[in-house]
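Fold and geometry: a report
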Amino acid sequence: MSSFIVGVKGIDELLPSLLYPGSLVVVAGHPGSGKTTLASSICYKNALSGNRCLYLSLQESKKKLFRVMKNLGMDFEELENKGLYRFLRMPITKRVEEVVELISKTIAEYAPKIVVVDSMNALMQFISNSEKRALIQNYFYSLPEMLDGIVILIVELPFGEEKIDLGSIEFVADVILALKHRIERGLLTRVMEIRKARGAPVVIAEIPFTISQDKGIIAYVPPILAEITRGGAELKLPCSALGRVLDHIHRGHVIYMEHPSSFRPLESVPLLLGIALKNDLKALIVSYRYPPETQLNLFIRAYSICGYSREDLRKIIEKYVVFKALNPFGYSSAEGVAEEIKLVEEYNADIVMFHGVELPAIADRISPNYLASLYNQMNTLKKMGKLIIRVGSYVNYEMSNLFSALADVVMKFIPTETSEGEQKYRVYIWRRGRNPYLLRYEDFQGCLKEICEIIKEKLKPQKQRLQPTVGGDCYGSV
Ligand SMILES: Nc1ncnc2c1ncn2[C@@H]1O[C@H](COP(=O)(O)OP(=O)(O)O)[C@@H](O)[C@H]1O
Ligand SMILES: [Mg+2]
């Protein structure tokens, strides 16, 4: 018996049998919590695979609903033209018997697999007679089995009312999804609470989600650890010093780079370019500190030692690295992570660097919510096979230890002497399961020089670069 889908990535993988045929589904929440959006989304995604959907509305006009949903990436007009969707405005002025008759006539004729009632409260409001209320409620309760499909009843919760009191619906429903808004640090966080799910094992009861332009509902479901393959493809290190110490790194690894708050070595972040170039991979930087232009300029400055023109450097850097900035004080931790994953997907980056990682931690005071979001972000990226690099400033022992513990490779910049106005440093570097090393300033400078050579290679015109392979296949990948 194949189930219907929720149509939200993550949730269907987590709960594949949530919406089995014959289910009565209740979507409850305060105004603006996303009930209409979620119900429409379930309706839309299942209709796309041929399950006709009937939408019974008391509140909204079809035109308005279609317009809002189109902005969220759902084209109901097209669906309607294909006969896969029907919108029925319920006449609330009629007698209950007539309403039931109209609905059942439509259902008999249209034979939908999904019926949405938006909303039950609005419908009940016009029926004062309790017997008649029971009549219409019972009609909807028995409908899922009749259709061998699903019925979604939307239940409005008045503002200020925290407890969800659904009356008898709570007992009859097979699935109850309660949508809630939560304010974290003055920022809106939406969560979907799976209150009841007959026939599906629920371990995660609260799933943060966002409603996003063109994309609709995006859930942030913690990844299942068993699905994360350990040790993704091996990646090459961009210079001999790092190669000597680390040997190699993998996709899915987390590298943590830390510097003291009083000293930011110019070379730390731009090392990323070397890894990207050496492996011919795209890198994304999400900075919690600097806008994109500033980040690009720092890269150009760091590689000025190569002696190439600013334009050449810019060309190479922009080809391999995408710069983005995200204000950690502008998002709740769950939403920030959702935004980051969206960026990684959008730019199809293989390497993701987070810059200024101490800032979101400070913003959230390392709360349990923050830790859960961070852990889930890392595991989501690992599952996607990304190399993760986190760069931050030392704040305190607790944070430094936490970030180090979460990493596979740790690099700490320790300032040493200053000579000729130049701040020198050493790099304490450690890979999980290996001996730690102390790299000298000269080693690290040598590293950048080696990256200059890779840049030089990439700057050569395409034709010239290809020449060595002409005349023999022995230069294939090694
Ligand atoms: N294009 C959009 N981009 C982002 N958010 C949107 C968009 N359209 C609507 N929303 C959000 O969706 C919410 C409304 O959801 P809706 O499903 O109508 O709520 P409910 O039915 O529970 O009252 C609004 O609070 C709004 O913030
Ligand atoms: Mg609504």
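Bear in mind the structure is a predicted one, so any value in this text is a computation, not a measurement.

**Observations regarding the overall build of the protein chain**
When helices and strands are tallied, the protein chain shows 18 helices and 19 strands. Principal-axis analysis of the C-alpha atoms gives the protein chain an extent of 90 × 55 × 35 Å. With 478 residues in all, the protein chain has 53% of them scored as buried. Sequence separation of at least 24 residues holds for 72% of the intrachain contacts in the protein chain that already meet a minimum separation of 6. Of the accessible surface of the protein chain, which amounts to about 22300 Å², a share of 52% is contributed by carbon and sulfur atoms.

**Comments concerning the domain arrangement of the protein chain**
Per the domain assignment, the segments making up the protein chain are domain 1 (11-221) and domain 2 (227-469). With centres defined by C-alpha atoms, the gap from domain 1 to domain 2 works out at 45 Å. In this complex, domain 1 contributes 12 residues to the contact, which on the side of domain 2 involves 18 residues. With both sides pooled, the region where domain 1 packs onto domain 2 buries about 1200 Å², and carbon together with sulfur makes up 53% of that total. Summed over the shared surface of domain 1 and domain 2, the number is 0 salt bridges. The interface formed by domain 1 and domain 2 includes 4 residue pairs in polar contact (both at pLDDT 80 or more).

**Brief notes about a nonpolar patch on the surface**
A surface patch of nonpolar side chains, amounting to about 250 Å² of accessible area, comprises Ile414, Tyr428 and Leu438. Looking at where Tyr428 falls in the secondary structure, it is placed in strand S18 (residues 422-431). In this structure Tyr428 comes out as partly exposed when scored by relative accessible area, which is 32%.

**Here's the deal with the state of the cysteines**
This model, assessed by the stated rule, comprises 3 disulfides. Here Cys43 is linked by a disulfide to Cys53, with a sulfur-sulfur distance of 2.0 Å. Sign of the S-S torsion, about -115 degrees for the bond between Cys43 and Cys53, identifies this disulfide as left-handed. Of this pair, Cys43 sits in helix H2 (residues 35-47) while Cys53 is found in strand S2 (residues 53-57), placing the two residues 10 residues apart along the sequence. Cys53 matches Cys43 in its accessibility class, with the two residues each being buried. With a sulfur-sulfur separation of 2.0 Å, Cys306 is cross-linked through a disulfide to Cys452. The sign of the -80 degrees torsion about the S-S bond sets the Cys306-Cys452 disulfide as left-handed. With Cys306 in the loop between helix H11 (292-302) and helix H12 (310-320) and Cys452 in helix H17 (residues 441-459), the pair connects residues that are 146 residues apart, well separated along the chain. For Cys452, a relative accessible area of 5% puts it in the buried group.

**Some thoughts on the sheet that holds strand S7 (residues 187-197)**
With respect to topology, 9 strands assemble into an open sheet ordered S3-S2-S4-S5-S1-S6-S7-S8-S9, the strand pairing being mixed. The open sheet has two free edges, formed respectively by strand S3 (85-89) and strand S9 (216-219), since each of these has just one partner strand. Averaged over neighbouring strand pairs, the angle between their axes works out to 25 degrees when direction is ignored. Relative to strand S8 (residues 206-212), S7 runs antiparallel, the two being bridged by 4 bridges. Note that in S8 the partner of Arg190 across the bridge is Phe209. Across the face of the sheet, H2 comes into contact with strand S1 (23-29), S2, S3, strand S4 (114-118), strand S5 (150-156), strand S6 (175-184), S7, S8 and S9 while running at roughly 170 degrees to S5. Its contacts with the sheet place helix H5 (residues 96-110) against S2, S3 and S4, and it is angled at close to 170 degrees to S3.

Here is what the cut-offs are and how they apply
Residues numbered from 1 in each chain as written. Chains lettered and ligands numbered in written order. Predicted model: local features only at pLDDT ≥ 70, side-chain atom pairs only at ≥ 80, totals over all residues. Heavy atoms only, no water. Helix = DSSP H or I, 4+ residues; strand = E, 2+ residues; numbered from the N terminus. Buried < 20%, exposed > 50% of the residue type's maximum accessible area, 1.4 Å probe, protein only. Contact = heavy atoms within 4.5 Å. Areas by Shrake-Rupley, 256 points an atom, 1.4 Å probe, with all protein chains shown as cover. Domains from an automatic or database assignment. Buried area = accessible area lost by both parts, 1.4 Å probe. Salt bridge = Lys/Arg side-chain N within 4 Å of Asp/Glu carboxyl O. Polar contact = N/O pair within 3.5 Å; in protein donor to acceptor, adjacent residues only side chain to side chain. Patch = residues over 30% accessible without salt bridge, like charges linked within 9 Å, V, L, I, M, F, W, Y side chains within 5 Å. Disulfide = S-S within 2.5 Å. Pairing = 2+ DSSP bridges. Axes fitted to C-alpha atoms, helices over the stretch in contact; angles between N-to-C directions.

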